[in-house]
Structure formats: structure tokens, C-alpha cells
Amino acid sequence: MEILVTGGAGFIGSAVVRALAAAGHGVRVLDALLPAVHPSGRAPQLPAQVAFRHGDVRDAALLEQALEGVDVVCHQAAMVGLGLDLDDAPEYVGCNDLGTAVLLAAMNRTGVRALVLAGSMVVYGEGRYRCPEHGEVAPGPRRPADLDAGRFEPPCPRCGAALLPGLVDEQAPGDPRNVYAATKLAQEHLASAWARSCQGRVLTLRYHNVYGPGMPRDTPYAGVASLFRSALARGEAPRVFEDGRQRRDFVHVADVAAANLAALHALAARPPGSARAYNVGSGTVHTVGEMAAELAAAYGGPPAVVTGEYRLGDVRHITADSTRLRTELDWRPKVSFREGMAQFAQAPLRV
Ligand SMILES: NC(=O)c1ccc[n+]([C@@H]2O[C@H](COP(=O)([O-])OP(=O)(O)OC[C@H]3O[C@@H](n4cnc5c(N)ncnc54)[C@H](O)[C@@H]3O)[C@@H](O)[C@H]2O)c1
Ligand SMILES: [Zn+2]
């Protein structure tokens, strides 16, 4: 296959590019090298046969050239992070939603009908919970007064009782809780509309918390594993927000790259005009506090400290049920939490 990977200079995109090239596919990359994640302004080292193009997915003319002779697009380009600062909202929407729309229109014009989209678990918001009295419930937005008082667990929206967190599957409705999440959900809707109107096929991979070598250093946009790893590199203790008991599914970037390969191979057998989403999680739930402790121990740095701080756009618990990916695409995560964190503690971060 000849594959265009947008965002192929990024943390996940470059891992996908390496896996595709190793599997013998033709790979080309389009990446704008956003300064927030590429402060050096240079693309990372990619395999020699990979054609790199520096440019923005909002550039329709450039895209049309990049799409010539392409069988399938693997769309990883996005501005990532929490979308905390509302001044960033136009740029999030620009990169993620306008960018996706320009890409889809160019694919329509050039006859490229297959797409793998990098989605995110952030589209689910708070995920799934069970109330002893009311069964499955979806808690509302977290209130600053609760968070200030250290009440981090969301209560049952009907009776206020304590809830048990559960696994979220692909059927769960979208409930984005910040600007970034809203743009990731919109990307999925745009891709579905594209598939229906031009008989295209799209598979969306909703990644959970991805970590591993090549992760960007800490910036306001970085993932929590990168923030902890950067703190350790400075000789400081990882600072864990809330009470450290937030549940997440940490999945290694090599496993995410393998999921992309599986999805790219599965596209051809999908019905034209269809869209399907897959959670991509390791299937093992850990708390953010456990992750910080594991990383600090593996690095040999000071133990993590729990600070009680919070970020309003963060959800309390979000963990995936990735059964669909395992059964339909025959994917299995290969890197265990312990092994992955031990390796990540020693791996260099991207500069
Ligand atoms: N890292 C995670 O834990 C995680 C979790 C869920 C989903 N995702 C999704 O995975 C994808 C890759 O994320 P990542 O963690 O590798 O982030 P990253 O910032 O390392 O990579 C994104 C890449 O896209 C490029 N890019 C951004 N806007 C662009 C534009 N307008 N035109 C061209 N290139 C552009 C950036 O320069 C960067 O190289 C994104 O779609 C993100 O939403 C990531
Ligand atoms: Zn209840």
C-alpha cells in the first residue's frame, strides 16, 4: 500500500511511520512541525525511504500533490492537549477540524477512499459509572466547588451516592469536556459524513493514554506520563494531581502503531460508505498515582508527591473496553505496564 501519514513527525505518527515502513509499505509524511511539539523545528529521524513534506493539512493544494498515487490516509495530525486556554480554541479547531475537512475534501477530489483516523478516548468525557441504586449513569461536569474541597469522585447525578467506575465501550455517547475533546469528536463526525457521501471507508482508533519513547517533553499540551518523566529528568518528584486515584489505561506507543497497521489492513474488507470506531487500550487499569510511582522507581528518582491540585477539563476516570479491537482486528497489546514504564523511564524524550 502507498500510505500518507499526516502528523507523521509526531510522537505516535513517527512510530506508525516506522512500523509501516518496516512492513514494506510505501510511506509519505505531511507534517507542519508545530513549534509547541517540535521546538527545534526539525523533523525526527525517519526511515530513509519515507518521503517527508513540511506543510499544513489546511493547505489544499499541497494535499492534492501529497495524495497523488496514495491508497490510504492515516490521519494523525492534530493539535493535542487539554484545550485549557480558550485563546487556543481557534487553533485547535483550525488544526483538527478545519484541517480534517480540507483533507477529506482533497481525498474526495483525488479519489482516495480509505482513511484511518487517530481518535481519542476524550470523546467519552467521564466514561461509565454504576450507582448501587440507579445502575449505569453518566455524571455531569465536575464542579469547581467539589474539586476545591477535595471531592474528586463524581457523585451519582440522580441520588448523589458514590459510584463505581467501569469500562467504556464504543457505544457510549460522545460527551467532550474540553475544547480539544470537542475537536476530536467533530473529526469523527466529519469523517463519517465524508464516508457516506463518497462511499469511503473510515476506521477510527480511539487511543487511550499513549506513552513511550519519543514522547514530547513537558509543555502545557503534553500527556501526564511526559510531565512525570520530565520532572524526574530535572531531578524533581513527579507531582500527581487530585488524590492520585484517577483511573486510566496506559497503552504503549508500539502497540498503538500495531493497531494502526491492523486498521489499515482491515479497511479494504469494510463496506463502502461506512465508519467504525475502536478503543485502543491495554485493557489494564492503573491509577495516575500508580503510574507516577512506577516511573519514579524505575528512574531511580524521588518518589511522587500527591498535590491535590486539579485541572477543570480533566475527567476523573476513563478506561476502555478494547474487546472490539481484539476480536475484529485480532490486535493484542504486547508491552506490559511494568515493562513499558521501565523502558520509558530510561528512554529519551523528544526535544
Ligand atoms: N498522545 C496521546 O496519548 C493521544 C491520545 C489520544 C489521541 N491522540 C491522537 O493521536 C494523534 C497523534 O498525537 P501525538 O500524541 O503523536 O501528538 P504530537 O503532537 O506528537 O503529533 C502530532 C503531529 O501533528 C502535527 N500537526 C499538528 N497540526 C498539524 C497541521 N495542521 N498540519 C500538519 N501537521 C500538523 C504536529 O506537528 C505533530 O508532529 C493526534 O490526532 C491525537 O489527537 C493522542
Ligand atoms: Zn444513584
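So, how was this worked out
Residues numbered from 1 in each chain as written. Chains lettered and ligands numbered in written order. Predicted model: local features only at pLDDT ≥ 70, side-chain atom pairs only at ≥ 80, totals over all residues. Heavy atoms only, no water. UniProt positions renumbered as here; feature names shortened; annotations may be inferred. Pairing = 2+ DSSP bridges. Helix = DSSP H or I, 4+ residues; strand = E, 2+ residues; numbered from the N terminus. Domains from an automatic or database assignment. Contact = heavy atoms within 4.5 Å. Buried area = accessible area lost by both parts, 1.4 Å probe. Salt bridge = Lys/Arg side-chain N within 4 Å of Asp/Glu carboxyl O. Buried < 20%, exposed > 50% of the residue type's maximum accessible area, 1.4 Å probe, protein only. Lys, Arg positive; Asp, Glu negative; His and termini not counted. Donors = N, O, S within 2.8 Å, 3.2 Å for Na, K, Ca; no water. Tetrahedral: all angles 85-135°; square planar, octahedral: opposite > 155°, others 65-115°.

By the naming in an unreviewed UniProt entry, the chain is dTDP-L-rhamnose 4-epimerase, taken from Kitasatospora kifunensis. Per UniProt, the chain carries the Sequence similarities (unreviewed entry) text "Belongs to the NAD(P)-dependent epimerase/dehydratase family."

## Some points on the sheet that holds strand β7 (residues 135–137)
On the basis of which strands lie adjacent, the open sheet formed by 3 strands has the order β7-β6-β8 and antiparallel pairing. Edge positions in the sheet fall to β7 and β8 (164–165), since each of these pairs with one other strand and no more. In this sheet, β8 lies alongside strand β6 (residues 129–131) in antiparallel orientation, the contact comprising 2 bridges. Bridge pairing in β8 places Y129 opposite P165.

## As for the domain arrangement of the chain
Domain boundaries in the chain define domain 1 (2–127 + 168–346) and domain 2 (130–165). Just the C-alpha atoms count here: the centres of domain 1 and domain 2 sit 28 Å apart. Facing the 12 residues of domain 1 at the interface are 11 residues of domain 2. Here domain 1 meets domain 2 over a buried area of about 1100 Å², counting both sides, of which 58% is carbon and sulfur. It is R177, Y310 and R316 that lose the most area in domain 1 upon contact with domain 2, and together they represent 41% of the buried surface on that side. The partner of R316 in a salt bridge is E153, with the nearest N and O atoms 2.9 Å apart.

## Observations concerning the pattern of salt bridges
If charged atoms from side chains of opposite charge come close, those side chains can pair. Taken as a whole and judged by the stated rule, the model has 20 salt bridges. For E2, the salt bridge goes to R28, with nearest N and O atoms at 3.0 Å. Of this pair, E2 sits in strand β1 (residues 2–6) while R28 sits in strand β2 (residues 26–31), and the two are 26 residues apart along the sequence. Looking at E2, the relative accessible area reads 22%, which means it is partly exposed. Residue R28 is classed as buried on the basis of its relative accessible area, which comes to 17%. R151 is paired through a salt bridge with D146; the nearest N and O atoms lie 2.9 Å apart. Linked through salt bridges whose partners overlap, the residues forming this network are R142, E153, E242, D243, R245 and R316.

## What about the side chain of K184?
Note that K184 resides in helix α5 (residues 179–198). This buried residue, K184, is left without a salt bridge; D97 holds the nearest opposite charge, at 7.8 Å.

## A word on the coordination of the zinc ion (ligand 2)
Metal coordination angles in their ideal form are 109.5 degrees for the four-donor tetrahedron and 90 or 180 degrees for the six-donor octahedron. The protein atoms that coordinate the zinc ion (ligand 2) are C131 (SG), H134 (ND1), C156 (SG) and C159 (SG), at distances of 2.2 to 2.4 Å. For the zinc ion (ligand 2), the 4 donor atoms in the first shell make angles of 107 to 115 degrees at the metal, so the coordination geometry reads as tetrahedral. Read in sequence order, the donor residues for the zinc ion (ligand 2) give the motif C-x2-H-x21-C-x2-C. You can call H134 partly exposed: its relative accessible area is 24%.

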